[in-house]
Amino acid sequence: RSATCPKSTRNHAKDIDMYSRFLAGLLLGVFVNVVIAPAMAADKVRFQTDWIASGEHAMYYGAWEKGIFAEEGIDVTITRGYGSGDTLTKLAAGAFDFGVADIAAVLTARSRQNMPVKTIAVLYNESPHSLFVLKSSGITNFKGLEDKRIGITPGNSHKFYFPEVARRAGTDANKIKWVNMDGAAMATQLIAKNLDAAPFYSIHHYYQNKAAKRAGEELVTLPFVEAGFRIYAASLVTNDKTLAEKPELVTRFVRAIRKSFDWARANPEEACKLHTKRIPEVELDDCLGSLRATLAFVFNDHSEKFGWGKESDERLAFTWKVVAESQDLPA
């Protein structure tokens, strides 16, 4: 048709066609920049937890799979830990950017070695330290545990803290029979009645009790908090270098962790399904049991009063007092 049109009309049509293609290219370029730029700009973050990736950690691994870290411009890689001490040592050396560690380990490392690590948010505002006993043993509290056999692993913080728990319960801690053994054997030995009690975080009761039920027994939890022993436990940590050089990243990371906990609290089944997708060796019901127990140490009366991740002067002072006494640190 253009062959029959006047020359000026054909030129005009050509100009419009060129302009349309220019606009389309420009819009495509803007679209590509808008969509791809945030992904390209995401900060790579290395995050190590404190222990094996059980349901206790479903909020982290589930949020990783869900994309909650990515929403904050963070390209996270999560690695399981081997205890708070290991996490702090690697964090101080720059092997990781953030981690999870017991606040007692942070205070001790800072006091003894001036290790360049700091707690930036309290995760468990009450300690999950507890003793597991068999229901058939008749033991129902911490009173009268003299001459009882309690399993323990070398350096286990339960033993450090127990004298204060025993004192509050009216038990002579010096008359406890501590039995040193490998941590993996404690539940088995307890169920076999070779021990009267074994120290565990109460959040691991669900899957340990499954094993007890298979043997015709039932495990009962004696939480240290029932003796009024309320100290801070797991905390979010980073190193001094990251705090000084990347404060804005620290803010976004803490915000992502907060979102992860809120999301897991509202959607525990989804969190555990995504967690077991990342960590298939964890069974779904075990994950749910541990996650729900864990969240009780995060969302409670303390968090209602002081806020998520926040500490109170009183509880922080008491935490330091018992840590300093148990680790023989200058008060």
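Scroll up to find the structure.
Here is what the cut-offs are and how they apply
Residues numbered from 1 in each chain as written. Predicted model: local features only at pLDDT ≥ 70, side-chain atom pairs only at ≥ 80, totals over all residues. Heavy atoms only, no water. Phe/Tyr/Trp six-rings, centres within 6.5 Å; stacked < 30°, edge-to-face > 60°. Lys NZ or Arg CZ within 6 Å of the ring centre and 35° of its normal. Buried < 20%, exposed > 50% of the residue type's maximum accessible area, 1.4 Å probe, protein only. Helix = DSSP H or I, 4+ residues; strand = E, 2+ residues; numbered from the N terminus. Pairing = 2+ DSSP bridges. Axes fitted to C-alpha atoms, helices over the stretch in contact; angles between N-to-C directions. Contact = heavy atoms within 4.5 Å. Core = buried A, V, L, I, M, F, W, Y, C linked by side-chain atoms within 4.5 Å. Disulfide = S-S within 2.5 Å.

1. Notes on the packing of aromatic side chains
On inspection of all chains with the given rule, the structure shows 15 aromatic pairs. Put simply, the rings of F47, Y60, F69, F98, F253, F261 and W308 pair up and form one aromatic cluster. R80 extends its terminal NZ or CZ atom over the ring of Y82, reaching a point 3.9 Å from the ring centre. Lying over the aromatic face of W64, R278 brings its terminal NZ or CZ to 3.7 Å of the ring centre.

2. Considerations on helix 2 (residues 58–66)
For helix 2, every residue scored as buried is listed here: A58, M59, Y60, Y61, G62 and A63. Looking one or two places after helix 2, you find G67, whose phi comes out positive at around 95°.

3. Observations concerning the sheet that holds strand 9 (residues 219–223)
In space, the three strands of this open sheet follow the order 8-5-9, with antiparallel pairing throughout. The two strands at the open ends of the sheet, each matched to only one other strand, are strand 8 (198–201) and strand 9. Between one strand axis and the next, the sheet turns through 40° on average, direction left out of account. By the bridge criterion, five bridges tie strand 5 (residues 129–134) to strand 9 in an arrangement that is antiparallel. The partner of S130 across the bridge, within strand 9, is P223.

4. Quick word on the sheet that holds strand 3 (residues 98–102)
The strand order 2-1-3-10-4 describes an open sheet built from five strands, whose pairing is mixed. What marks the edges here is a single partner per strand, and that holds for strand 2 (74–79) and strand 4 (117–122). Between one strand axis and the next, the sheet turns through 30° on average, direction left out of account. Summarising the sheet, strand 4 and strand 10 (residues 234–239) pair through five bridges and their orientation is antiparallel. By the bridge assignment for strand 10, K118 is matched with T238. Helix 10 (residues 247–266) rests against strand 1 (43–48), strand 2, strand 3, strand 4 and strand 10 of the sheet, and its axis sits at about 55° to strand 1.

5. So, the nonpolar core
Counting 44 residues, the largest nonpolar core has F47, Y60, F69, L123, F253, I257 and F261 as its most contacted members. Per-element tally for this core: the top contributor is helix 10, with eight residues. By size, the runner-up hydrophobic cluster in this structure holds 25 residues, among which are I139, F142, L145 and F162.

6. Quick look at the state of the cysteines
One pass over the structure, following the stated rule, counts one disulfide. A sulfur-sulfur separation of 2.2 Å characterises the disulfide bridge that pairs C272 with C287. What sets the handedness of the C272 and C287 disulfide is the S-S torsion sign, and at about -85° it is left-handed. Of this pair, C272 sits in helix 11 (residues 268–278) while C287 sits in helix 12 (residues 284–295), and the two are 15 residues apart along the sequence.

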